[in-house]
Structures are given as structure tokens and as C-alpha cells.
Amino acid sequence: MYVVKSPLSDASLMTVSEALQGALVDLVDLALVAKQIHWNVVGPRFRSVHLQLDEVVDTARKYSDTVAERAAALGIPPDGRAATVAVGSGIGVTPEGWVDDTTAVGALVDALGAVIARMRERVEATGEPDPVSQDIFIGITADLEKHHWMFQAENG
């Protein structure tokens, strides 16, 4: 079997591997959380929040693919299986059942905040060992922070 070999040192690869895998897990879970709330949101702002949630889903899915492909390019087999995501995500518990629009927005603010905090740690951790992966994390963080701002503005 052919195995992809990384140009990074073993120590750098360990750091970058942890960062990429952690980001993959958080992004997969963020997409799931946003979609779960998207299906269950109710209230006077239903339509705007419903559509805004899909924007988060699209961002998370796009970047989860980018992160997984970066990992594969470095010889790190990405793991986005449900069990891996359930154990490794930094996002808290998602509301169950119907969710009023204010609670939905608050849940997304919290979920985005958790993922952003962990992404910022990854930006810091990958600067020295792999600026290419760091650049990916910077882009992800910027887009997630934009969503975070917009959801915060929803609840004023």
C-alpha cells in the first residue's frame, strides 16, 4: 500500500496532525449542530435564522473538506467518523426538539465561540511547524468570526 509521506519533521507533523484532526472534528460537529438547529428553529425570526444557519453549515462543510485534504496531503489520514466527532468536539450540548429563535441564536454564538477559541489555538500552534496549515486556520477563523458577529447581532 502506498503511504503519503510528509515533508515535515516528525515533531512538526505531530503538532500539525493534532491541529488538523481537531479542526476537522470541530468543523464536522459545527455543521451538524447548525443543521440540527436549522431543522428545529421556530419563532418570529424563523426565516432569517433558518437561512443564516445554512450559511454556517456551508462554511463548516467547505472547510472540513479543506482541512481533511490538507491532512491527507501531509500523510495524515483524516478521521471524520461520527464516533470520533462525538468524542473529540469542543462544542457543548445542542438544544433538543423545537428551539425558539433567540435560544437558537444563542446556541450558535456559543458553538461558534467554542470552535473559534480552538481554531485560534491551532493558528498559534502551527505557525512555526507549518505556515501552510496555519494559513488555512487563519482563513477558517476569519470566516467563523464573521458568522459569530452576525449571530451576536441577531440577539442584540
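Residues numbered from 1 in each chain as written. Predicted model: local features only at pLDDT ≥ 70, side-chain atom pairs only at ≥ 80, totals over all residues. Heavy atoms only, no water.

For clarity, the threshold we go by: UniProt positions are given in the numbering used here, feature names are shortened, and annotations may be inferred rather than shown by experiment.
The protein chain is annotated in an unreviewed UniProt entry as DNA starvation/stationary phase protection protein from Streptomyces venetus. The annotation that UniProt attaches to the protein chain under Sequence similarities (unreviewed entry) is "Belongs to the Dps family."

Some thoughts on the overall build of the protein chain
Applied cut-off: By the criteria applied, helices consist of DSSP H or I runs no shorter than four residues and strands consist of E runs no shorter than two, each listed in order from the N terminus. Radius of gyration here is computed from C-alpha atoms only, and the compact-globule reference equals 2.2 Å multiplied by the residue count raised to the power 0.38. Only four residue types enter the tally: Lys and Arg on the positive side, Asp and Glu on the negative side; His and the chain ends are excluded. In this description, the location of a charge corresponds to atom NZ of lysine, CZ of arginine, CG of aspartate or CD of glutamate.
Broken down by element type, the protein chain carries five helices and two strands. Listing each helix as α and each strand as β along the protein chain from the N terminus yields α-β-α-α-β-α-α. Relative to the globule expectation of 15 Å for 156 residues, the C-alpha radius of gyration of the protein chain, 16 Å, shows essentially globular dimensions. By its C-alpha atoms, the protein chain is 55 × 30 × 20 Å across when sized along the principal axes. Placing the 12 positive and 22 negative side-chain charges of the protein chain at their respective mean positions leaves the two points 4 Å apart.

Concerning the pattern of salt bridges
The condition is simple: Any Lys or Arg side-chain nitrogen located within 4 Å of an Asp or Glu carboxyl oxygen qualifies as a salt bridge. Burial status follows relative accessibility: with a 1.4 Å probe on protein chains alone, a residue under 20% of its type maximum counts as buried, one over 50% as exposed, and anything between as partly exposed.
This structure, assessed with the given rule, holds eight salt bridges. Between Asp101 and Arg45 there is a salt bridge, with its nearest N and O atoms 3.5 Å apart. Here Arg45 lies in the loop between strand E1 (41–42) and helix H2 (46–73) and Asp101 lies in helix H4 (residues 101–126), a separation of 56 residues in the sequence. Judged by its relative accessible area of 21%, Arg45 is partly exposed.

Remarks on the nonpolar core
What counts, and what does not: Take the buried residues of types Ala, Val, Leu, Ile, Met, Phe, Trp, Tyr and Cys, join any two whose side-chain atoms come within 4.5 Å, and each joined set is a nonpolar core. The criterion used for residue contact is that any of the two residues' heavy atoms lie within 4.5 Å.
Ranked by size, the top nonpolar core spans 43 residues in total, and within it Leu30, Leu108, Ile140 and Leu144 carry the most contacts. Counting residues per element, the ones that place at least two in this core are helix H1 (10–40), H2, H4 and helix H5 (131–155). Ranked by residues supplied to this core, first place goes to H1 with twelve residues. Apart from the residues lying within four places of it in its own chain, the contact partners of Ile140 are Leu27, Tyr63, Val67 and Met119.

What to know about the environment of Leu13
Structurally, the position occupied by Leu13 is in helix H1. Residues Leu13 and Ile76 lie 63 residues apart in sequence; the distance between their C-alpha atoms is 8.6 Å. Residue contacts for Leu13: discarding those within four places in its chain leaves Ser6, Leu8, Leu74 and Ile76.

Here's the deal with the UniProt feature "domain: Ferritin/DPS" (unreviewed entry) in the protein chain
With numbering matched to this structure, UniProt assigns "domain: Ferritin/DPS" (unreviewed entry) to residues 18–153. Summarising residues 18–153: 79% helix, 3% strand, and an end-to-end C-alpha distance of 33 Å.

Some thoughts on the side chain of Arg122
Basically, it comes down to this: Here a polar contact is recorded for every N or O atom pair within 3.5 Å, except that within protein the pair must consist of a potential hydrogen donor and a potential acceptor, and residues adjacent in sequence are included only if both atoms are side-chain atoms.
Looking at where Arg122 falls in the secondary structure, it is placed in helix H4. Exposure remark for Arg122: the relative accessible area of 8% places this residue in the buried category. At 3.3 Å, the side chain of Arg122 forms a polar contact with the backbone oxygen of Ala19. Not counting residues within four places of it along the chain, the set of residues in contact with Arg122 comprises Ala19, Gly22, Ala23, Asp26 and Phe137.

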